[in-house]
Amino acid sequence: MTNKRLKEAELMFQNNRYDCAVYLSGYSIELMLKLNVCKLFKLSQGYPENRLELDTYPDGLKENFLIGLRQISLKTFRTHNLNDLLLISGKEFKIKNVLLIEWTEILYWDPELRYRIVNINKLKLQNLLNL
């Protein structure tokens, strides 16, 4: 799904639909981070969005996950905020030490961008998509 959204963002960019490309590129980053959380905590049924979904996991897995989140509230886990997701994904050190400039370029993203016009220049978006 993450690669599909990124390909869609590239198609939007190629067709001068920059607002859509920005939204889809940020969404693909959100999905990638959530995928990393699933890998880190061995959440084979996908990223749980609420307590009910988390309760479908076997007790041992759920307990390990909740222990891992002891310092982070479940509310933080139920987020679209890229910084919060980066924190719980296990990738924060790598991203902020290797890709800090690129990371700061996307931090303005949030799901509400789908309702707004985003003024981003073509070159900046092209760099974001690595085209």
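The structure this text deals with has already been given above.
If you're wondering where the values come from, they're calculated on a predicted model, not measured in any experiment.

The subject of this paragraph is the packing of aromatic side chains. The description of an aromatic ring pair rests on the distance of the ring centres and on the angle between the ring planes. In the structure shown here, the tally under the stated rule is 3 aromatic pairs. Seen in terms of ring centroids, Tyr23 and Tyr27 are 6.0 Å apart; in terms of plane orientation they differ by 10 degrees. Their pairing is stacked. Taken together, the residues Tyr23 and Tyr27, both in helix 2 (residues 18–41) and 4 residues apart, mark about one turn of the helix. Each member of the aromatic cluster is reached from another via a ring pair, and the members are Tyr23, Tyr27 and Trp109.

Time to look at helix 6 (residues 82–89). When helix 6 is considered as a whole, its buried residues turn out to be Leu82, Leu85, Leu86, Ile88 and Ser89. With its phi angle positive at about 80 degrees, Gly90 sits one or two positions after the end of helix 6.

Along the chain, Arg5 falls in helix 1 (residues 2–14). In this structure Arg5 touches Leu24, Tyr27, Ser28 and Leu31, once residues within four positions along its chain are discounted.

Take the pattern of salt bridges next. Across all of its chains, the model carries 3 salt bridges by this definition. Residue Glu8 pairs with Arg5 through a salt bridge whose shortest N-O separation is 2.8 Å. Here Arg5 and Glu8 lie together in helix 1, a separation of 3 residues that amounts to about one turn. With a shortest N-O distance of 2.9 Å, Glu30 and Lys34 are connected by a salt bridge. Here Glu30 pairs with Lys34, and both are found in helix 2, just 4 residues apart, close to one helical turn. Assigned by exposure class, Glu30 and Lys34 land together as buried.

A few words now on the packing of helix 1 against helix 2. At a minimum axis separation of 8 Å, helix 1 and helix 2 run at an interaxial angle of 165 degrees. Relative to helix 2, helix 1 is oriented roughly antiparallel. For helix 1 against helix 2, the interelement crossing comes out left-handed. Packed against helix 1, whose contacting residues are Thr2, Arg5, Leu6, Glu8, Ala9, Met12 and Phe13, the element helix 2 presents Tyr18, Cys20, Ala21, Leu24, Ser25, Tyr27, Ser28, Leu31 and Met32 at the interface.

Each value, and the rule that gives it
Residues numbered from 1 in each chain as written. Predicted model: local features only at pLDDT ≥ 70, side-chain atom pairs only at ≥ 80, totals over all residues. Heavy atoms only, no water. Phe/Tyr/Trp six-rings, centres within 6.5 Å; stacked < 30°, edge-to-face > 60°. Helix = DSSP H or I, 4+ residues; strand = E, 2+ residues; numbered from the N terminus. Buried < 20%, exposed > 50% of the residue type's maximum accessible area, 1.4 Å probe, protein only. Contact = heavy atoms within 4.5 Å. Salt bridge = Lys/Arg side-chain N within 4 Å of Asp/Glu carboxyl O. Axes fitted to C-alpha atoms, helices over the stretch in contact; angles between N-to-C directions. Parallel < 35°, antiparallel > 145°, perpendicular 65-115°, else oblique. Left-handed = near helix turned anticlockwise from the far one by under 90°.

So far we have only geometry, and geometry alone does not tell us how the molecule works.
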